[in-house]
Amino acid sequence: DPCVFYDETGKLWIAYGSWSGGIYMLELDETNGLRDYNIVYPSDFDSKQANVTSDPYFGKKIAGGRYVSGEGPYIEHIGDYYYLFVTNGGLEANGGYEMRVFRSENPDGPYTDSKGTSAIYNSYRLNFGVNCDTRGNKLVGPYDKWGFMTLGERAQGHNSVIAAEDGRSYLVYHTRFNNNLVCLSARGRKLRFGTASVHKIGKSFLTNAKARWFTT
């Protein structure tokens, strides 16, 4: 589930990976879109063992690891930060699929949430559902009903983000519903920023999704 993007300096990157090993990043060659083999990622396996964060083949780890869930990374630059969106849990309707977000001043991290907690795991933690590890600001999770909606959304995730020229940002994702069907549908929400007083740098943080923007 890769995400390819240009950073603010024009460098081309790919974020990819999921579940057991974590989310990694590689720098790409802007002339052909392939991996840039002039960039070397030295292994830190000898010193970190299972908590490895750099690998000559996989690249640089930016999130996950240690068999925790997490897939479909998407990185978008909004304002002064790069935001890393990751979906945790299982894709089935009752699998706890949910979107979480971290941010960094650099495209390749380190990524942290509003509490300053790293997106990288050093031990296994259940990171979706009830009584789970809460790292990552939660955008949307499964629910049965909301307001006047007749269907509740389940398994929202695997998102993209549109940072529009008017300064607004939109979250696009797929979802299932609480109607016992297995079909998926695309949804969109307008993102908003909230004050995260617990964040070390004390600035606003992309906290959660707002009202539905469009459906297909």
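Residues numbered from 1 in each chain as written. Predicted model: local features only at pLDDT ≥ 70, side-chain atom pairs only at ≥ 80, totals over all residues. Heavy atoms only, no water.

## Details of unusual backbone geometry
Turning to step 1, where the next piece is worked out: Along the chain, Gly109 connects to Pro110 via a cis peptide bond; the corresponding omega equals 10°.
Turning to step 2, where the next piece is worked out: Position of Pro110 among the secondary structure elements: in the loop between strand S8 (98-104) and strand S9 (137-140).
Turning to step 3, where the next piece is worked out: Of note in this structure, Arg66 is not a glycine but carries a positive phi near 60°.
Turning to step 4, where the next piece is worked out: You can see Arg66 is positioned in the loop between strand S5 (59-63) and strand S6 (71-78).
Turning to step 5, where the next piece is worked out: Positioned with a positive phi, Ala155 is a non-glycine residue whose angle comes to about 60°.
Turning to step 6, where the next piece is worked out: Secondary-structure assignment places Ala155 in strand S10 (residues 153-163). (Helix = DSSP H or I, 4+ residues; strand = E, 2+ residues; numbered from the N terminus.)

## Focus on a nonpolar patch on the surface
Turning to step 1, where the next piece is worked out: The grouping of Tyr67, Tyr124 and Leu126 at the surface amounts to a nonpolar patch, some 370 Å² of accessible area in total.
Turning to step 2, where the next piece is worked out: Following the sequence through the fold, Tyr124 ends up in the loop between S8 and S9. (Patch = residues over 30% accessible without salt bridge, like charges linked within 9 Å, V, L, I, M, F, W, Y side chains within 5 Å. Areas by Shrake-Rupley, 256 points an atom, 1.4 Å probe, with all protein chains shown as cover. Salt bridge = Lys/Arg side-chain N within 4 Å of Asp/Glu carboxyl O.)

## Considerations on the nonpolar core
Turning to step 1, where the next piece is worked out: Within the largest apolar cluster, 29 residues are counted, with the highest numbers of intra-cluster contacts made by Ile62, Ile75, Phe85, Tyr111, Leu139 and Leu171.
Turning to step 2, where the next piece is worked out: Here the element with the most residues in this core is strand S7 (residues 81-88); it accounts for 6 residues.
Turning to step 3, where the next piece is worked out: Sequence-distant contacts of Tyr111, that is, excluding residues within four places in its chain, are made with Ile62, Ile75, Tyr82, Tyr83, Leu84, Phe102, Arg103, Ser104, Asn106, Thr117, Ser118 and Ala119.
Turning to step 4, where the next piece is worked out: Judged by nonpolar contacts, the second largest core, of 5 residues, contains Leu12, Ile14, Leu28 and Tyr41. (Core = buried A, V, L, I, M, F, W, Y, C linked by side-chain atoms within 4.5 Å. Buried < 20%, exposed > 50% of the residue type's maximum accessible area, 1.4 Å probe, protein only. Contact = heavy atoms within 4.5 Å.)

## Here's the deal with the sheet that holds S5
Turning to step 1, where the next piece is worked out: Sheet architecture is open: 5 strands sit in the order S1-S2-S3-S5-S4, paired in antiparallel fashion. Edge positions in the open sheet fall to strand S1 (3-6) and strand S4 (54-55), since each of these has one partner strand only.
Turning to step 2, where the next piece is worked out: Of the pairings in the sheet, the one linking S1 to strand S2 (residues 12-16) comprises 4 bridges and is antiparallel in character. Bridging from a neighbouring strand, Cys3 pairs with Ala15 of S2. (Pairing = 2+ DSSP bridges.)

## Quick look at the packing of aromatic side chains
Turning to step 1, where the next piece is worked out: Tallied over the entire structure, the rule returns 3 aromatic pairs.
Turning to step 2, where the next piece is worked out: For the pair Tyr24 and Phe58, a centre-to-centre distance of 5.5 Å together with 35° between the ring planes defines the contact as tilted. Of the two residues, Tyr24 sits in strand S3 (residues 23-28) while Phe58 sits in the loop between S4 and S5, which places them 34 residues apart along the sequence.
Turning to step 3, where the next piece is worked out: Since its relative accessible area comes to 37%, Phe58 is described here as partly exposed.
Turning to step 4, where the next piece is worked out: With centroids separated by 5.2 Å and ring planes inclined at 85°, the aromatic side chains of Tyr57 and Phe58 adopt a geometry described as edge-to-face. (Phe/Tyr/Trp six-rings, centres within 6.5 Å; stacked < 30°, edge-to-face > 60°.)

## Considering the confidence of the model for the chain
Turning to step 1, where the next piece is worked out: Put simply, the chain has an average pLDDT of 87, and 89% of its residues get 70 or more.
Turning to step 2, where the next piece is worked out: This model gives residues 211-216 a pLDDT under 50, and the stretch forms 20 contacts once residues within four places in sequence are excluded. (pLDDT = per-residue confidence, 0-100.)

## Some remarks on the sheet that holds S9
Turning to step 1, where the next piece is worked out: The antiparallel open sheet is built from 4 strands, whose spatial order is S6-S7-S8-S9. The strands lining the two open edges of the sheet, one partner per strand, are S6 and S9. Across the sheet, the axes of successive neighbouring strands diverge by a mean angle of 30°, strand direction being ignored.
Turning to step 2, where the next piece is worked out: Note that S6 and S7 share 6 bridges and pair antiparallel. Residue Glu71 lies in a different strand from S7, and its bridge partner there is Thr87. (Axes fitted to C-alpha atoms, helices over the stretch in contact; angles between N-to-C directions.)

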